[in-house]
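Spelled out, the chains give:
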Amino acid sequence: MSERLHIWITGAGRGIGAAIARALAADHNLSISGRDTARLAEVITHAPTGSRIVAHTCDVRDAASVREAHETFVQAHGPVDVLINNAGIGIFRPLVDLSIEEFDDQINVNLRGVFLCVKAVLPSMVERQRGQIGVGEHLGLAEHVDRGLIDLAATVPEHLTELRGTSWDGCT
């Protein structure tokens, strides 16, 4: 068996995040976060026997919430080796019909949330010259006509992740 990595999955309470957690639970130390405590508990309940999973309720829009989750995860499993930024929301209608609150919520979850989580794990990764940061795949959006804001909110985190090659020495 290869080395057990410490993997933090945001938005892990359902959908793609929960599926990623189920796929990785047997072989790695997982830290899972999301806004719904009951859904996170359900992910742990359905994990393979012997899985090492720590869950923490976390709202990625909130810096204090992200810091608290990260501290909990580091205490449980040591420094994060892999961050999977999966938390995200999408409101699928024309931009002209979006309220300012809906716009702000998408940007705060899909962009600010990625920034805050990267900011939490990056210092340790740079110090250790080891780590990976990824942005969850935005599946099923290709057919949707009114996705301009979704594309914007998805593209910027992808560019943040690509910056690692020049400014995050030692991390991939």
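Just above, that's the structure.
Please read all numbers here as calculations on a predicted model, not as lab measurements.

A few points about the overall build of the protein chain
Secondary structure summary: the protein chain contains six helices and five strands in total. Taking all 172 residues of the protein chain together, 40% fall into the buried category. By sequence separation, contacts in the protein chain at least 24 residues apart represent 62% of the contacts at least 6 residues apart. Of the roughly 9100 Å² of accessible surface on the protein chain, 53% is carried by carbon and sulfur atoms.

Section: the side chain of Ser65
Assignment of secondary structure puts Ser65 in helix 3 (residues 63-77). Non-local contacts of Ser65, meaning those with residues more than four positions away in its chain, are made with Thr57, Cys58 and Asp59.

Concerning the pattern of salt bridges
One pass over the full model with this rule turns up seven salt bridges. Among the salt bridges present, the one from Arg39 reaches Asp36, with a minimum N-O distance of 3.5 Å. Assessed through its relative accessible area of 37%, Arg39 is described here as partly exposed. Here Arg61 and Asp105 are joined by a salt bridge, their closest N and O atoms 2.4 Å apart. Note that Arg61 is positioned in the loop between strand 3 (52-57) and helix 3 and Asp105 in helix 4 (residues 100-128), a separation of 44 residues in sequence. Owing to a relative accessible area of 26%, Arg61 belongs among the partly exposed residues under this scheme. One network of salt bridges, with partners in common, ties together Glu3, Asp81, Arg128 and Arg130.

Thresholds, definitions, all that
Residues numbered from 1 in each chain as written. Predicted model: local features only at pLDDT ≥ 70, side-chain atom pairs only at ≥ 80, totals over all residues. Heavy atoms only, no water. Helix = DSSP H or I, 4+ residues; strand = E, 2+ residues; numbered from the N terminus. Buried < 20%, exposed > 50% of the residue type's maximum accessible area, 1.4 Å probe, protein only. Contact = heavy atoms within 4.5 Å. Areas by Shrake-Rupley, 256 points an atom, 1.4 Å probe, with all protein chains shown as cover. Salt bridge = Lys/Arg side-chain N within 4 Å of Asp/Glu carboxyl O.

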